[in-house]
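Coordinates in review
The residues making up each chain are set out below.
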Amino acid sequence: MIEASTAPGEVKLAVQEIGKTFHRRGGGSLTVLEDISFEVRAGEFFVIVGPSGCGKTTFLRIVQGLDAPSAGRIVLSGQPLHGPGADRGFVFQNDSLYPWRNVLRNVTFGAELQRKKRAANEKFARDIISLVGLNGFEGHYPHELSGGMRQRVNLARAFAVDPDILLMDEPFASLDALTREAMQQELVRIVAETAKTVLFITHQIDEAVMLADRIAVFGTRPGRLMRIIDVDLPRPRLLNVKRTPRFQELVDQVWTLIAQSHGLEAEGRDP
Amino acid sequence: MSPQRFPERVMDTVTPKRPQPASPAQRISTWHRLWHAVKRPRVRRSLISLIVVIAGWEIVGRYVLTNPLFFVPLSDVILALIRLWGTGELQTHIAASFRAIGYGMALSIVFGIAFGIVMGASRTVADYTEVYVNALYAMPLVAIAPLLILWLGIGVASKVGVVFLISVFPILISTTSGVRNVDKHYLDVARAFGATPVQIVGKVLVPAALPFVITGIRLAIGRAIVGVVVGELFGATAGLGFLIYTSGQTFDVPALFAGILCLAIAGVVLTWALQRVEMRLVRWRPAPLED
Ligand SMILES: Nc1ncnc2c1ncn2[C@@H]1O[C@H](COP(=O)(O)OP(=O)(O)O)[C@@H](O)[C@H]1O
Ligand SMILES: [Mg+2]
């Protein structure tokens with residue numbers, strides 16, 4: 001249904017030496033991100049994992065164009081990025097749906113801003129809504145939906161602009177464990193069906209391993225890229241993959257890296 | 001596939017509500033519907049209080065405050081209303097007052113919302129203007145009304161001016177705070193999807209601030225009614241304020257109360273109309289619970 005403008009395996013997003021320093025009003029500054037470079041390939045599910053406060057949100061906002069980097073640049077599909085745009089679909093950490101718009105109109109919001117034909121928007125949006133499993137809820141308002149359903153709308157809104165890449169900032173962090181696991185499975189299915197490239201952020205290591213083709217582990221103070229890990233678990237990954245030894249190995253590998261960045265001993269971890 | 005794959009679907013996927021077509025048996029008579037309305041607690045309580053007030057007014061006017069220069073029973077007021085309606089005076093006064101309220105409020109709503117958005121969105125504009133807005137908001141209207149009448153003359157223009165001046169500030173101030181209180185995330189979403197500044201105003205700021213705007217208009221209605229009366233007391237040849245003033249001069253107490261009653265009804269009707277508009281515009285908010 002959606003054509004990728006880049007062939008699978010080619011570089012979709014290039015992050016080049018990104019740094020970010022916040023300057024306080026009364027003088028003094030805080031370096032949140034330092035010298036981050038990596039590449040995301042077309043069709044890849046790329047996950048950034050790191051402890052809370054390591055600058056993940058700041059980084060993703062830079063990619064989206066909501067904040068400007070202090071150093072470096074972002075290249076998407078060969079074009080250097082300046083400012084926000086609908087070539088990226090952003091899934092926010094809190095769902096931030098517009099309460100005065102029903103499900104359908106929340107999902108069409110991005111396309112509406114591009115002044116595309118309304119009828120075409122609506123048809124595409126309805127397809128996306130059924131893709132996220134919300135058939136029949138098009139006329140409902142956000143306050144009438146559960147947390148899981150609102151997060152589905154949040155996903156649908158990002159998919160509905162048919163972006164080159166999806167940027168997701170801990171979209172499932174506020175959901176209960178059961179719902180979160182169901183949503184992870186759903187997300188993988190939707191991404192596979194739409195053949196999208198995803199840059200996904202989380203602080204939960206098992207979520208990262210469950211979803212990712214590759215994981216970038218971020219260290220903290222300042223936020224920096226520690227290492228990129230290939231996740232060689234076969235797909236489809238169902239819940240029982242979590243009980244396999246390879247899954248546990250990968251989780252431990254990520255955990256050890258994060259612990260190092262905190263200056264902790266990996267042995268000190270409770271199982 | 002593991003059976004626990006979509007636990008949330010099971011909980012979430014409730015069949016959406018659809019309105020049922022009315023069967024012939026459900027098409028009930030107007031009386032029946034009225035009776036059902038009366039059985040609702042909110043309607044019933046309003047009705048009971050109305051009956052108590054009407055009866056109390058009549059009894060107090062007839063047996064307690066019997067001096068007719070002081071207070072008159074409701075029945076005398078209604079007779080005065082009928083008399084004034086018969087001569088056509090009442091219609092003239094109501095029309096004159098409502099015209100001034102209508103024009104004045106329309107100006108207030110347009111200007112108050114437009115400038116409120118600018119003040120809410122731009123700190124610079126607010127810094128330059130906020131102090132005057134607050135000064136004028138707190139200014140007792142009677143202090144400006146004579147001046148407006150000097151400037152605009154006796155007639156509809158000065159009344160519209162007074163109504164506008166007194167009713168614009170609640171709308172302006174609450175629109176401003178509505179815009180300032182817009183959730184920062186709502187703006188981020190719009191920017192992330194590439195919204196232009198104009199789109200941000202139209203698609204985020206205005207709808208997000210709408211509940212505040214309506215609160216401002218509600219306050220403005222009460223003040224507009226005060227404004228039109230003040231305008232008509234100082235200089236007018238028609239209007240409910242004029243009716244009240246001249247009736248007072250001629251000791252026609254029933255006609256005086258008739259004017260007051262019309263103003264009270266105007267307030268109730270306008271507030272009710274606003275509630276209807278609000279229900280349509282702010283349908284997305286969770287409905288208040290009714291016991
Ligand atoms: N606008 C800002 N001004 C100053 N400091 C900020 C700003 N935004 C984020 N920070 C700081 O940057 C750090 C990283 O924040 P964030 O990107 O939200 O981390 P994460 O998403 O990984 O939890 C935090 O210490 C936070 O206080
Ligand atoms: Mg964050």
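The following refers to the structure shown. (Residues numbered from 1 in each chain as written. Chains lettered and ligands numbered in written order. Predicted model: local features only at pLDDT ≥ 70, side-chain atom pairs only at ≥ 80, totals over all residues. Heavy atoms only, no water.)

1. Looking at the overall build of chain A
Spelled out, the test is: The helix and strand labels rest on DSSP assignments: H or I over at least four residues marks a helix, E over at least two residues marks a strand, and numbering proceeds from the N terminus. The rule is simple: take the accessible area with a 1.4 Å probe, protein chains only, and divide by the maximum for that residue type; under 20% is buried, over 50% is exposed, in between is partly exposed. Throughout, a residue-residue contact means that at least one pair of heavy atoms, one from each residue, lies within 4.5 Å. In short, Shrake-Rupley with a 1.4 Å probe defines the accessible areas, and a residue's cover is counted only from the protein chains shown. In this tally, Lys and Arg are treated as positive and Asp and Glu as negative; His is ignored, and so are the chain termini. A charge is said to be at NZ when it belongs to Lys, at CZ for Arg, at CG for Asp and at CD for Glu.
Secondary structure assignment for chain A yields eight helices and 10 strands. Projecting the C-alpha coordinates of chain A onto the three principal axes gives extents of approximately 55 × 50 × 40 Å. The buried share among the 271 residues of chain A stands at 56%. In chain A, of all internal contacts separated by at least 6 residues, the share reaching a separation of at least 24 is 69%. For chain A, the exposed surface amounts to about 11500 Å²; the carbon and sulfur share of it is 48%. Counting 33 positive and 33 negative side-chain charges, chain A places the averaged centre of each group 6 Å from the other.

2. Description of the packing of aromatic side chains
What counts is decided by this rule: Only Phe, Tyr and Trp rings are paired, with Trp represented by its six-membered ring, and only when their centres lie within 6.5 Å; those with planes under 30 degrees apart are stacked, over 60 edge-to-face, the remainder tilted.
Scanning all chains against the criterion turns up 15 aromatic pairs over all chains. Measuring from centroid to centroid gives 5.5 Å for A:Tyr98 and B:Tyr186, while their planes differ by 65 degrees, and the two rings are edge-to-face. In this pair, A:Tyr98 is assigned in the loop between β6 (88-91) and α2 (103-107) and B:Tyr186 in helix α9 (residues 184-192), connecting two distinct chains. A single burial state applies to A:Tyr98 and to B:Tyr186, both of which are buried. Aromatic side chains B:Phe111 and B:Phe164 sit 5.9 Å apart centroid to centroid with 70 degrees between the ring planes, which places their arrangement in the edge-to-face category. With B:Phe111 in helix α5 (residues 89-121) and B:Phe164 in helix α8 (residues 156-180), this pair connects stretches of sequence that are 53 residues apart.

3. Comments concerning the nonpolar core
Worth spelling out the cut-off: The nonpolar core is taken to be a set of buried Ala, Val, Leu, Ile, Met, Phe, Trp, Tyr and Cys residues, with the residues joined through side-chain atoms within 4.5 Å.
Counting residues in hydrophobic clusters, the biggest one holds 85 residues, and the most contacted among them are A:Leu13, A:Phe38, A:Ile48, A:Phe59, A:Leu199 and A:Phe218. In terms of residues, this core owes the most to one element, helix α10 (residues 197-234) of chain B, which gives 15 residues. Those residues in contact with A:Phe59 that sit more than four places away from it in its chain are A:Val15, A:Ile18, A:Leu33, A:Ile36, A:Phe38, A:Ile48, A:Leu199 and A:Phe218. Ranked by size, the runner-up nonpolar core spans 51 residues in total, among them A:Leu104, A:Leu166, A:Leu211 and A:Val254.

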